[in-house]
Amino acid sequence: MDCIFCKIVAGEIPSFKVYEDERIVAFLDIRPVNPGHTLIVPKTHSKNIFDIVAEDWTAIADVARILAIAIEKAVSADGINIAMNNRPDAGQLVEHAHVHLIPRKKGDGLKLWPQHPYPEGEAEKTAEKIRSAL
Ligand code: 5GP
Ligand code: ZN
């Protein structure tokens, strides 16, 4: 399979690794929002949140907490965003599941998503659809 993150996991493509265990590798994003921007990936290929096995997802969540603390300290960040893009229409460019840890600096200019209030009655219907889909 021609997957850039599988190649990084295998050491076939260089990266600046910051963490590794039996399930997980974390390395610096090549084009960071801010220095210290890190990607956490499972060693076993999965595409996104929809096919990752629960054990890999749990391992990513554990490592995200540990790395967030280390990264914030290491780069003297003012905060940190934890984000995951799933599918191309949600901004996913590399189709190997990964979670971004993005250290933030006060006034760094990164804009998050625009938000809008629900029209009357829509929140109730949407919540019911989600509960039914579980
Ligand atoms: P996505 O949009 O898929 O969530 O983000 C993919 C991320 O992978 C981007 O932030 C991009 O800079 C990073 N990236 C793409 N190719 C490479 C690479 O070869 N090495 C590293 N370290 N990061 C990469
Ligand atoms: Zn892969």
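Residues numbered from 1 in each chain as written. Chains lettered and ligands numbered in written order. Predicted model: local features only at pLDDT ≥ 70, side-chain atom pairs only at ≥ 80, totals over all residues. Heavy atoms only, no water.

As annotated in an unreviewed UniProt entry, the chain carries the name HIT domain-containing protein.

Draft legend 1. Region of interest: the site of ligand 1. In the neighbourhood of ligand 1, 16 residues make up the surrounding shell, with Asp29, Gly91, Leu93, His98 and His100 lying closest. Leu93 is positioned such that a nitrogen or oxygen atom in its backbone is 2.7 Å from an oxygen atom of ligand 1. Here Val94 contributes a backbone N or O atom positioned 2.9 Å from an oxygen atom of ligand 1. Put simply, ligand 1 lies in the largest pocket. (Near = heavy atom within 4 Å. Polar contact = N/O pair within 3.5 Å; in protein donor to acceptor, adjacent residues only side chain to side chain. 1 Å grid on protein atoms, 1.4 Å probe; cavity = no way out; pocket = protein on both sides within 12 Å on 5 of 7 lines; lining within 4 Å. Sits in = over half its atoms within 2 Å of the grid points.)

Draft legend 2. Spotlight on the pairing of strand E3 (residues 38-42). Among the five residues that make up E3, five are buried, leaving the element largely enclosed by the rest of the structure. In E3, alternate side chains face the same way, and those of Thr38, Ile40 and Pro42 on one face and Leu39 and Val41 on the other are all buried. Bridging between strand E2 (residues 24-28) and E3 involves five bridges; their strand directions are antiparallel. Bridge pairing in E3 places Val25 opposite Val41. Bridging between E3 and strand E5 (residues 99-104) involves three bridges; their strand directions are antiparallel. (Buried < 20%, exposed > 50% of the residue type's maximum accessible area, 1.4 Å probe, protein only. Helix = DSSP H or I, 4+ residues; strand = E, 2+ residues; numbered from the N terminus. Pairing = 2+ DSSP bridges.)

Draft legend 3. Representation of the UniProt feature "active site" (unreviewed entry) in the chain in the model. In this numbering, the UniProt entry assigns the feature "active site" (unreviewed entry) to His98. Relative to the helices and strands, His98 resides in the loop between strand E4 (79-83) and E5. Residue classification places His98 among the buried positions, given a relative accessible area of 6%. In this view, His98 contacts Phe5, Leu39, Ile40, Val41, Ala83, Met84 and Gln92; residues no more than four positions away in its chain are not counted. (UniProt positions renumbered as here; feature names shortened; annotations may be inferred. Contact = heavy atoms within 4.5 Å.)

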